[in-house]
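Chains, contacts and geometry: an overview
The primary structure of each chain is shown beneath.
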Amino acid sequence: MRPRLTPQRLPEWSTRHPRLTIALTAALTALFAAWLPGMRTDTDSKNMLPATSDVRVLNDRVDQWFGLHKDMIVVGIVRERGIFELDALESLERLTSAIAGLRGVVSVDVTSLTTADNVVAEGGMLRVEPLLPRVPETPEQMERLRRSLMGNPMVVGRLVSEDGTTTAVYVPLERGANGKVVADQIRDLLARERTAGLQYFVAGDPVARDTFGAEMFRQMAVFAPLAGFVMLIALHFMFRSFALSLSIMAVAMVASSWSMGLLVAVGQPVHIMSSMMPVFLMAIATDSIHIFNEFYFRLRETSDRRQAVLETMEAVGAPVRYTALTTAAGFGVLALGGIIPVRVFGLFVGFGTMVIRLMSFSLVPAVMMIVPDRTLETASRREDLQAGASRWLGALGRLSIRHPLAVLAAGAVLLAMVATGIPRIRINNNMIHWFKPQSPIAVADRVMNAKLGGTSLLHLVASTPEAEGLKDPARLAYVEALQREVETDEDVGKTVSVVDLVKRVNRVMQEDRPEQEVLPATREIVGQYLFLFGMAAKPATLENLLDAESRRANVWVQLKSWDAGAVERVVGRVEAYTKSHPPPALTVQPAGIAYFNLVWNHEVLKDMVRTFLVALVVVLAILVVSFRSLAWGLLSFVPLLFTIALIYGAVGLLGKDFDMPISVLSTLSLGMAVDFPIHFIRRYRQRLAEGQSVADALVWTVARPGKGILRNAVLFSLAFAVMLASSLTPYITVGLFIMTMMTLSAVFTLLYLPALVALRPVRRAPANAGFAKEG
């Protein structure tokens with residue numbers, strides 16, 4: 001019976017058949033890469049949660065009840081001296097007409113001053129006409145229009161700003177339309193407008209979402225090869241061999257191709273996190289550097305290349321295996337969360353990590369066997385414990401074991417200082433913050449929020465158990481009181497409901513006297529007004545506010561912030577008000593995109609806690625099995641926990657939003673930052689088992705395997721450094737976070753682990769531990 005091809009036997013097979021190993025790897029990679037052309041993106045926040053989640057089901061029902069459009073773009077027109085001028089209103093008229101003709105736009109529901117319904121009464125009859133049926137030609141007509149519009153509460157704050165300097169066009173999109181594509185068409189129209197003094201802004205959730213998706217796709221195509229190029233240059237500088245440097249890059253490219261190809265093959269789109277998979281896998285692949293680091297030292301000690309490869313894999317095989325397991329576990333536990341893109345990201349990067357492990361035991365040894373002898377000899381002569389980085393690393397190790405208390409005390413002081421920021425961490429997801437402040441999308445959002453009611457939309461659905469129940473003046477009065485309560489919040493810019501419509505109709509039917517803008521006294525009059533308005537106006541105007549049976553009313557709440565905290569505060573205000581003022585057979589339920597973002601924000605927090613705790617247990621279990629010791633497993637957590645505490649303390653002190661990318665990284669950090677302690681402790685115990693003293697074993701570990709740890713940290717940081725050039729802040733956050741995490745983890749591993757071991761040394765590894773021979 002032939003022996004199984006286990007990870008321990010893979011290097012033996014691949015070193016005997018190096019070219020066949022490379023050819024098989026290339027063939028499999030081509031197979032996975034064939035799926036890549038079918039790649040598609042998805043940045044719709046609603047798809048962050050399963051379709052069966054309560055909030056998605058609720059929002060779908062609300063859309064059906066009130067005939068709401070899934071996506072809405074807002075176009076703002078600003079003139080600081082005022083928009084009530086002939087050329088400004090003519091520009092508005094032209095743009096409204098042109099936008100209604102764009103592909104992907106629901107033309108009949110495009111709303112601006114020139115298309116929005118306005119109720120007037122003639123001879124005791126109700127008539128509906130556009131707010132701006134024609135552009136006034138004389139100053140007197142313009143002034144009458146200004147007074148009419150500024151005295152209409154349904155217009156001010158939504159279609160015209162309170163100071164009269166801004167007007168808006170609301171552009172609903174057809175289902176499936178791409179917000180960026182439509183926004184680009186609108187910008188083309190705006191570019192052709194030459195009206196002096198007018199500024200134009202394009203905002204809204206679909207614009208931000210689909211622009212982010214397009215930019216994400218583009219930057220994925222840029223940063224993955226750029227990270228690879230930077231790493232290749234750094235590897236060549238470290239090892240002076242393009243062949244060996246390319247082998248690490250080949251491992252990364254194989255893992256990326258297999259993972260992204262499998263992602264596409266199973267029908268998954270690319271989300272914000274999965275777009276970063278290639279860069280993550282390139283960085284994870286740098287763990288192979290420990291193989292090269294040891295190989296060059298071994299090559300100096302033996303003239304047999306194959307023997308040097310096998311001895312290298314025997315020495316570092318176990319650390320490489322267990323670091324792959326802990327990293328894969330850190331990613332894999334993300335599948336337990338409720339955020340779909342995070343699940344996908346965790347599963348497929350976990351898969352890619354295991355591919356890297358496979359390549360480390362097959363492709364890397366095969367490449368080592370075909371590199372020219374002269375190249376290896378030249379590079380191996382540079383690996384000397386008494387020179388270069390190894391020399392000063394050895395000095396660092398001696399400092400740490402000679403003054404362990406001072407080293408640990410300095411770390412404790414630093415930790416105490418930075419940890420004060422942890423209680424200040426604010427969990428918040430805001431897609432506008434995913435763009436730089438000077439980006440057109442962020443600027444447009446700020447302007448529209450400052451001038452008008454706000455770009456973030458919350459729905460408050462008031463429901464009654466009886467048909468026609470919301471024609472009751474008492475219930476309508478309660479809805480109005482709730483609106484006034486909500487409007488006291490600083491982030492609420494505007495509320496509109498059927499109450500405002502009924503009051504407006506009552507006023508115009510009472511000779512347009514301002515004092516009559518109140519609710520009618522009886523249900524019958526309310527019913528008559530709604531009937532008359534529904535017969536005369538566009539169907540959507542009333543349908544968006546009241547369902548067909550008058551059981552449910554929709555209160556539109558415009559918010560000036562996309563922050564989850566703003567929505568939570570408004571929802572809390574609603575709950576407090578309904579509790580202290582019990583409604584008359586009426587329930588109030590929040591809904592809409594703003595409420596979805598709040599629920600998503602809570603899910604991010606729950607997922608972070610759940611997956612972090614699971615990852616903590618899983619990674620610790622792997623460490624205990626790896627070291628065959630609970631004490632060593634716990635000791636390896638010290639640099640990791642120290643690193644995490646410092647980073648999250650800094651996040652709190654700097655006031656950075658703790659959003660989905662950072663939440664995901666909190667779990668990943670357990671599996672990634674623990675790699676260095678695994679390499680350090682296993683190699684230290686190997687050295688100790690060979691008969692070295694504790695001090696000599698520690699100094700040797702810091703100087704020789706420590707050089708590999710340092711190289712690994714540098715490469716990891718360089719791979720993610722390219723993301724600092726991104727125009728999207730999540731990429732910058734991830735890049736900076738990973739760079740900081742891996743650098744600190746390496747420094748703390750090489751500085752604090754020797755100090756901790758020196759304080760409570762273990763003189764010898766157990767005789768049966770097998771550290772010296774395990775491969």
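For every chain, the first residue of the written sequence is number 1, and numbering continues from 1 along that sequence. Local features are withheld for residues below a pLDDT of 70 in this predicted model, meaning they are given only at 70 or higher, and side-chain atom pairs are given and counted only at 80 or more; totals for whole chains, interfaces and linings count all residues. With hydrogens and water set aside, each side-chain value is computed from the structure's full complement of heavy atoms.

**Some remarks on the overall build of the chain**
For helices the rule is a DSSP run of H or I covering at least 4 residues; for strands it is a run of E covering at least 2, with both sets numbered from the N terminus onward. Along the chain, the regular secondary structure elements total 29 helices and 11 strands. Across its three principal directions, the C-alpha atoms of the chain cover 105 × 55 × 50 Å. The 775 residues of the chain split such that 58% are buried. Contact definition: two residues touch when any of their heavy atoms are within 4.5 Å. Within the chain, contacts between residues separated by at least 24 positions form 81% of all contacts whose residues are at least 6 apart in sequence. Surface accessibility of the chain: about 30700 Å² in total, with carbon and sulfur atoms responsible for 59%. By the counting scheme adopted, Arg and Lys are positive, Glu and Asp are negative, and His together with the chain ends is not counted. Charged side chains are reduced to one point each, which is NZ for Lys, CZ for Arg, CG for Asp and CD for Glu. Treating the 77 positive side-chain charges of the chain as one cloud and the 68 negative ones as another, the clouds have centres 13 Å apart. Think of it in three bands: with a 1.4 Å probe and only protein chains considered, a residue is buried below 20% of the maximum accessible area for its type, exposed above 50%, and partly exposed in between. The accessible surface values rely on the Shrake-Rupley method and a 1.4 Å probe; as for residues, cover is taken only from the protein chains in view.

**Here's the deal with unusual backbone geometry**
Positive phi values are uncommon outside glycine, yet Glu 511 reaches one of about 60°. Tracing the backbone shows Glu 511 in the loop between α19 (498-509) and α20 (523-536). Despite not being glycine, Ser 550 has its phi angle at roughly 55°, a positive value. Within the secondary structure layout, Ser 550 lies in the loop between α21 (539-543) and β9 (552-559). For Ser 550, a relative accessible area of 4% puts it in the buried group.

**A few points about the sheet that holds strand β4 (residues 166-172)**
Pairing between two strands is assigned when DSSP locates at least 2 bridges connecting them. Reading across from one edge, β4-β1-β5 is the order of the 3 strands in this open sheet, with antiparallel pairing throughout. A single partner strand is all that each edge strand has here, and the edge strands are β4 and β5 (199-203). Direction aside, the axes of adjacent strands within the sheet are offset by 20° on average. As paired strands, strand β1 (residues 72-78) and β4 are joined by 7 bridges and run antiparallel to one another. Counterpart to Val 75 in the pairing with β4 is Val 169. Fitting a line to C-alpha atoms yields each axis, with helices limited to the stretch in contact; the angle taken between N-to-C directions then spans 0 to 180 degrees. Across the sheet, helix α4 (residues 86-100) touches β1, β4 and β5, and the angle it forms with β4 is around 5°. In this fold helix α6 (residues 179-191) packs onto β1, β4 and β5, with an angle of close to 20° to the strand it touches most, β1.

**Describing the packing of helix α8 (residues 242-265) against helix α9 (residues 277-285)**
The geometry of α8 relative to α9 is characterised by a closest axis approach of 8 Å and an angle of 145° between their N-to-C directions. Two packed elements cross with a definite hand, and for α8 against α9 that hand is right-handed. Touching Ile 248, Met 249, Val 251, Ala 252, Ala 255, Ser 256, Ser 259 and Met 260 of α8 are Met 277, Pro 278, Leu 281, Met 282 and Ala 285, all from α9. Considering only residue class, the contact of α8 with α9 consists of 11 nonpolar, 2 polar and no charged. The sense of a crossing depends on the near helix, which, turned anticlockwise from the far helix by less than a right angle, makes the crossing left-handed and, turned clockwise, makes it right-handed. In the scheme used here, Gly and all other residues not listed as nonpolar or charged are polar, with Ala, Val, Leu, Ile, Met, Phe, Trp, Tyr, Cys and Pro taken as nonpolar and Asp, Glu, Lys and Arg as charged.

**Re the sheet that holds β9**
Neighbouring strands of a sheet are bound in pairs by backbone hydrogen bonds; such pairs are parallel or else antiparallel. If you walk across this open sheet you meet the 4 strands as β8-β9-β7-β10, and the pairing is antiparallel. Because the sheet does not close on itself, it has two edges, and the strands there are β8 (492-496) and β10 (587-591). Looking at each pair of strands side by side, their axes are set apart by 25° on average, direction ignored. Of the strand pairs in this sheet, strand β7 (residues 456-463) and β10 are connected by 5 bridges, and their pairing is antiparallel.

**Overview of the packing of aromatic side chains**
Centre distance within 6.5 Å is the pairing criterion for rings of Phe, Tyr and Trp, where only the six-membered ring of Trp is used; planes under 30 degrees apart are then read as stacked, over 60 as edge-to-face, and the remainder as tilted. The tally for this structure, following the rule as stated, stands at 17 aromatic pairs. Geometrically, the ring pair formed by Phe 280 and Phe 720 is edge-to-face, given 5.0 Å between the ring centres and 80° between the ring planes. Here Phe 280, found in helix α9, pairs with Phe 720, found in helix α28 (residues 705-721); they are 440 residues apart in sequence, far enough to count as distant. Judged by its relative accessible area of 0%, Phe 280 is buried. A relative accessible area of 0% means that Phe 720 is categorised as buried.

**Description of a nonpolar patch on the surface**
Taken together, the side chains of Val 222, Leu 226, Phe 229 and Ile 233 make up a nonpolar region of the molecular surface, amounting to roughly 350 Å² of accessible area. Here Phe 229 is to be found in helix α7 (residues 205-239). Exposure above 30% relative accessible area and the absence of a salt bridge qualify a residue for a patch, where like charges join within 9 Å and nonpolar side chains (Val, Leu, Ile, Met, Phe, Trp, Tyr) within 5 Å. One side-chain nitrogen of Lys or Arg within 4 Å of one carboxyl oxygen of Asp or Glu is enough to make a salt bridge.

**Considering the side chain of Lys 451**
Residue position: Lys 451 is located in helix α17 (residues 440-451). Within the structure, Lys 451 has its side chain in polar contact with the side chain of Thr 165 (distance 3.2 Å). Any pair of N or O atoms that falls within 3.5 Å is considered a polar contact. Within protein, one atom must be able to donate a hydrogen and the other to accept it, and sequence-neighbouring residues count only if both atoms are side-chain atoms.

**What to know about the pattern of salt bridges**
Under the criterion given, the structure shown has 38 salt bridges. We note a salt bridge from Asp 87 to Arg 79, for which the minimum N-O separation is 2.9 Å. Looking at Asp 87, the relative accessible area reads 29%, which means it is partly exposed. On the basis of relative accessibility, which here comes to 1%, the residue Arg 79 falls in the buried class. For Arg 683, the salt bridge is made with Glu 294, and the minimal N-O distance between the two is 3.1 Å. Of this pair, Arg 683 sits in helix α26 (residues 675-689) while Glu 294 sits in helix α10 (residues 289-301), and the two are 389 residues apart along the sequence.

**Observations concerning helix α22 (residues 564-580)**
Given a helix with a known number of residues, its expected span is that number minus one, times 1.5 Å. The terminal C-alpha atoms of α22 lie 24 Å apart, and with 17 residues this matches the ideal 24 Å at 1.5 Å per residue to within 8%. Every buried residue belonging to α22 is among Ala 564, Ala 566, Val 567, Val 570, Val 571, Val 574 and Tyr 577, and all of these are buried. Along α22, the residues classed as buried sweep out an arc of 165° about the axis, all on the same side. Across α22 from its buried face, at more than 90 degrees, point the exposed residues Glu 575 and Lys 579. Looking at the buried positions of α22, the neighbouring elements they touch are β7, α18 (473-486), β8, β9, β10 and α23 (593-627). Working note: the arc is built from the helix axis to C-beta atom directions.

**Comments concerning the nonpolar core**
Residues Ile 186, Phe 280, Phe 720 and Ile 738 are the most contacted members of the largest nonpolar core, which totals 233 residues. Apart from residues no more than four positions distant in its own chain, Ile 738 is found in contact with Phe 280, Leu 665, Met 672, Phe 716 and Phe 720. Core analysis: the second largest hydrophobic core is formed by 8 residues, Leu 646, Phe 748, Tyr 752 and Ala 755 among them. We call a set of buried Ala, Val, Leu, Ile, Met, Phe, Trp, Tyr and Cys residues a nonpolar core when their side-chain atoms join them within 4.5 Å.

**Section: the pairing of β5**
A regular strand carries its side chains on alternate faces of the sheet. A large share of β5 lies buried, amounting to 4 of its 5 residues. Looking at chain direction, β1 and β5 are connected through 5 bridges and run antiparallel. Within β5, the position partnered with Val 78 by the bridge is Gln 199.

**Some words on the side chain of Thr 312**
Looking at where Thr 312 falls in the secondary structure, it is placed in helix α11 (residues 305-332). Within the structure, the side chain of Thr 312 is placed 2.7 Å from the backbone oxygen of Ala 308, a separation counted as a polar contact. Excluding residues that lie within four positions of it along the chain, Thr 312 makes contacts with Ile 291, Glu 294, Phe 295, Arg 298 and Gly 317.

**Regarding the confidence of the model for the chain**
What pLDDT reports is the predictor's confidence in each residue, on a scale of 0 through 100. When pLDDT is averaged along the chain, the result is 86; 94% of the residues meet or exceed 70. Counting contacts from residues 763-775, a segment whose pLDDT is below 50, to residues more than four positions away or on other chains yields 32 contacts.

**Quick word on the environment of Leu 235**
Topologically, Leu 235 is positioned in helix α7. The buried category is assigned to Leu 235, whose relative accessible area is 0%. In the structure, Leu 235 is positioned 479 residues away from Val 714 in sequence and 10.0 Å away in space, judged by C-alpha atoms.

**Thoughts on the environment of Pro 404**
In this structure, Pro 404 sits in helix α16 (residues 404-418). Spatially, the C-alpha atom of Pro 404 lies 6.9 Å from that of Leu 756, the residues being 352 residues apart in sequence.

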